[in-house]
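# Notes for the structure review
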Amino acid sequence: MRELLILLLACLSVTHVGARTWRYRSGAGASLQTVINGTAAGDTVLVEGTVSEGSIRVDRPLVLLGGADAVIDGGGEDDALLITADHVTVKGFTIRGSRRSNLDDMSGIKVNECRGVVIEDNFLDKCFFAIYLSGVKDARVQGNTVLGEPGEEDHMANGIHLWKCSKATIRNNRIEHHRDGIYFEFVTDSHITGNTSLHNLRYGLHFMFSHRDAYEDNHFEDNGAGVAVMFSKEIAMRRNRFLANRGASAYGLLLKEINDGEIIGNTFQDNTTGIMIDGCNRINVRDNEFRLNGWALRLFANAIDCDFRGNTFAGNTFDVSTNGSLIPNTMNGNYWDRYAGYDLDRDGHGDVPHRPLGFFTLLVEMQPYAMVFSRSLFVSLLDRAERLIPSLTPESMKDDRPLMRPPVRKNRAVAVANKRLFPHSAFVIFHSSFFIPAGMGLNEKWRTSEHSVVLVHPCIFPLGGRYQDHG
Amino acid sequence: MAEARITYHGVGKRYGKLWALRKVDCAFHAGEVVMLIGPNASGKTTLVKSLLGLASPTEGHITVNGQVIGTDPAYRRSIGYMPQISQFPATLTIGQLLEMMADIRELRADEVEDSLVEELGLSAQLDKRLSTLSGGTKQKVSAVLALRSRPGILVMDEPTAGLDPVSSQRVLQRAAAVRDAGGTVLITSHLMEEVESLADRVAYLEDGNLKFLLPVQEILSSTGSTRLSEALPRMLESNALSHVL
Amino acid sequence: MLKVFKYTLIDLARNRFVLGYALLMLLVAQGLFALEGDPTKALLSLVQVVMALVPLIALVFTVVYMYDTLEFTQLLAVQPMRRSAILGGQLLALAAALLLAQAIGLGLPLLVHSPTVAALVLSLSGSALVLVFAALGALIALKQREKARGVGVALAIWFLFVLVYDALLMWGMFTLSDHPIEPFVVPLAGINPIDLARIMVMLQVDLAAMMGYSGAIYKNFFGSVGGTIVAALILALWVAVPVLFAFRVFRRKDL
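Heads up: these notes are all about the structure in this document. Quick caveat, the model's predicted, so the values are computed rather than measured. (Residues numbered from 1 in each chain as written. Chains lettered and ligands numbered in written order. Predicted model: local features only at pLDDT ≥ 70, side-chain atom pairs only at ≥ 80, totals over all residues. Heavy atoms only, no water.)

Let's shift gears to the sheet that holds strand 29 (residues 251-256) of chain A. All names here are of chain A. Judged by pairing direction, the sheet is parallel, and its 12 strands sit side by side in the order 5-8-11-14-17-20-23-26-29-32-35-38 without closing on themselves. Of all the strands in the sheet, the pair left with one neighbour each is strand 5 (56-58) and strand 38 (318-322). If you compare each strand with its neighbour and ignore which way they point, the axes differ by 10° on average. Of the pairings in the sheet, the one linking strand 35 (residues 295-299) to strand 38 comprises four bridges and is parallel in character. Counterpart to Arg298 in the pairing with strand 38 is Ser321. Along the sheet, helix 3 (residues 359-366) makes contact with strand 35 and strand 38, crossing strand 38 at roughly 60°. (Pairing = 2+ DSSP bridges. Helix = DSSP H or I, 4+ residues; strand = E, 2+ residues; numbered from the N terminus. Axes fitted to C-alpha atoms, helices over the stretch in contact; angles between N-to-C directions. Contact = heavy atoms within 4.5 Å.)

Counting residues in each nonpolar core, the largest one holds 184 residues, and the members touching the most others are Phe373(A), Tyr8(B), Phe28(B), Ile219(B) and Phe133(C). Sequence-distant contacts of Phe133(C), defined by excluding residues within four places in its chain, comprise Pro55(C), Ala58(C), Leu59(C), Phe161(C), Pro193(C) and Ile194(C). Val88(A), Val111(A), Ile277(A) and Leu297(A) belong to the second largest nonpolar core, which has 80 residues in total. (Core = buried A, V, L, I, M, F, W, Y, C linked by side-chain atoms within 4.5 Å. Buried < 20%, exposed > 50% of the residue type's maximum accessible area, 1.4 Å probe, protein only.)

A separate point is the packing of aromatic side chains. Residues and elements named next belong to chain A. Following the criterion strictly, the structure yields 22 aromatic pairs over all chains and no others. Site record: aromatic cluster; members linked through ring pairs are Phe184, Phe207, Tyr215, Phe220, Phe242, Phe268, Phe290, Phe313 and Trp336. The ring of Trp295 carries Arg298 above its face, with NZ or CZ at 4.4 Å from the centroid. (Phe/Tyr/Trp six-rings, centres within 6.5 Å; stacked < 30°, edge-to-face > 60°. Lys NZ or Arg CZ within 6 Å of the ring centre and 35° of its normal.)

A few words on the packing of helix 2 (residues 94-104) of chain B against helix 4 (residues 135-147) of chain B. Residue and element names in this part refer to chain B. Where helix 2 contacts helix 4, the axes come no closer than 11 Å and their chain directions differ by 25°. What the angle tells us is that helix 2 and helix 4 run roughly parallel. Every pair of crossing elements has a handedness; the one defined by helix 2 and helix 4 is right-handed. Facing helix 2, whose interface residues are Ile94, Leu97, Leu98 and Met101, helix 4 presents Val141, Val144 and Leu145. (Parallel < 35°, antiparallel > 145°, perpendicular 65-115°, else oblique. Left-handed = near helix turned anticlockwise from the far one by under 90°.)

Here Glu119(B) lies in helix 3 (residues 115-119). If near-sequence neighbours (up to four positions away) are discounted, Glu119(B) is found in contact with Arg170(B) and Arg174(B).

Written out as structure tokens, the structure is:
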């Protein structure tokens, strides 16, 4: 006991009025838990080295700072770090070794029933649940990297999991290979901003019964089923990217029983379904970009008063599909790349309405194998005929003022940049193989003769035109 | 007479249902000019084409220098051919065409006989595009192409059609020179007057049959004429065709 | 053969039609990328243009060129040269010229405006179509003595492949929808070279939709390495078989 006292005194370096900073180096004798137990509210503990003494419990307001090589390894017992006091900050740790258990939700960092917790710049390495907040107010989870490992659903849990929380801020985290990247249940008045959620088994982001929340500027890619927002009210979804969520039941964004939401300025690309809207009321869908999705929009007939404006639909196999004929929703002033009308009065809007529900969409609903004819001349003729004289497609679904050009967006075509998998060289190599025999055939004498070979003349190279901005 | 250079053995050619040539047996020798005559569609062109490999006989076979001609194209090295109508790649000049054909025949520079270019007045036109040439000039180019490889066998289809009299004479002189050098010359022509002084033998075809192949002297003496152009009509009228070859 | 190839290529390089083809494609592609507000739309419109126009042009051009050079072919045939060398050289030159024109007219704009995998596959499929339909064109020109009839046959074949075939197949599909037709749809569509080329492009641009079916049959069939090889083989057969027949016809053809 006396040694411990000496050690504590040795650790004591700076003294403030009522707050001290403790410097702890693992392997120096005492356990971290003993040190924590000896601190007072408002103290700071600076930790270095790997702490593997089982579950660490923080039960008073403390700042836990991770030094250069700070690791907290739960060793597979319970939660690696359990926080039960208000105003705890955990910053700069690598945390691993939580017990994998579905029964009692074991986590890398678990926070229970408190307020004002800050979890920042940590690396959560293959935890079961990574960051688990339950009944927490004013939490801030920021700049963490959360990596799980690929596996089966039974053995996986969520990356950042919030239950019955309010006024939380989830910002600039990166989550990969968990079950759901970010999970909200009964969470209100919270913000999710600038996160990247990839390769998660189920949803990149999952809302249940959560109200008045906003998620903005996040990036969701290659998640099993995309992003799901269910049974929630007043959710704002702005400027997110929903990419490459592919599969029979995968969605860029799945909305189920949502009221009064807004979806503004997002990008949906390469998803089997861009947005699926099921049983929603008053959703404002504006200025989004739907590009190269299977179905840009699946709108169930039970969706009411949804409003679509200023969106861009380009390169989707199907722009809109629905399961009913009466569509109590409005579409106005969107850009549809399939629009074949004209704009005589030059106001930027087509003079005849566009019917986004194509004949071919219906054919494929009836006979999925008809998909093989996608983009064939025959299908495009059928589609055109149907648009001129609608016979099978619902009369009410139309955009009366379709845009002639896609609206300009700042973050436009960001996703296209990701598609630039093939460098120019692949093209050049492929096509230059044609020039070799030509070069072989045309020796100097022939090339310099009166009528020179114009084919290889460089002057017919780019005739101008617009270079696409991939920024 | 010298040895047989070209021999037709029962050669027949059928286009669809129509026999253009029926069982022709004949031989052409070294050092002679044979004139092939007959009405339109009598089989003259088919006779020539089957020698050149442009048409393959339906029956029978042809030998050149003792070799039966088949898929091996080597025998054509000794043949010069001047077609009736020539259509050349429109984008080339005369010079380029000559160079190209020499390249294709793999002629060395010392094997090329180019004096005819000068003689027919083509030297100044070597840079002219073939598409801009008149029919006569095309014929001249054709003649040059046929003759410049110094062929042992020369085949000319209506060589004088479209040519001016002077050029006609010069081309025919060249044909005579080929014969004098021991070559075989086959000429099809409607204009007997121009060719008769040159011909050693005359082959007459009708409906694909070779009616006769006789020395010019024999034809003249049997009809008592001095000119072929008089002798042939008489011979045909008198049905003096008992000795069909 | 190399000599015929060389001189035919020189002739083709100055051929107005080949130049026109290169310029037309360049104009269409550039125009689509410049006029369409959206690069994705431009690429997809180009897909339709390529699938319809490329076969038509390759077919008609080859047929017309073969007729127009008949006299020159005759001139070549009396030279000490094998028939197979003549046709081989001509076909290679035709293929090279058309591919070259396409590289400039289609490859270049794609390279500049949309260097994506989809565009590369479009380029590749377009090139395959050029070869297939040039081969068919050559066969038609050799089988049919009359130019007008040859062009007519070419147009009919194009129309069949580009439209009628799909229409019939789709009609059959919906008529027989009560029967298990699934195993036949993909192979039947795959027989048509235009459909096959289109499916290869579709696997890039419509992939997301195709992943939507739990069976994901097209993806499984064509999207796998094996499927790609099968598709390439079918296209190669579409080139090889007409070319082989063309050689057989030409070897004994009366010129």
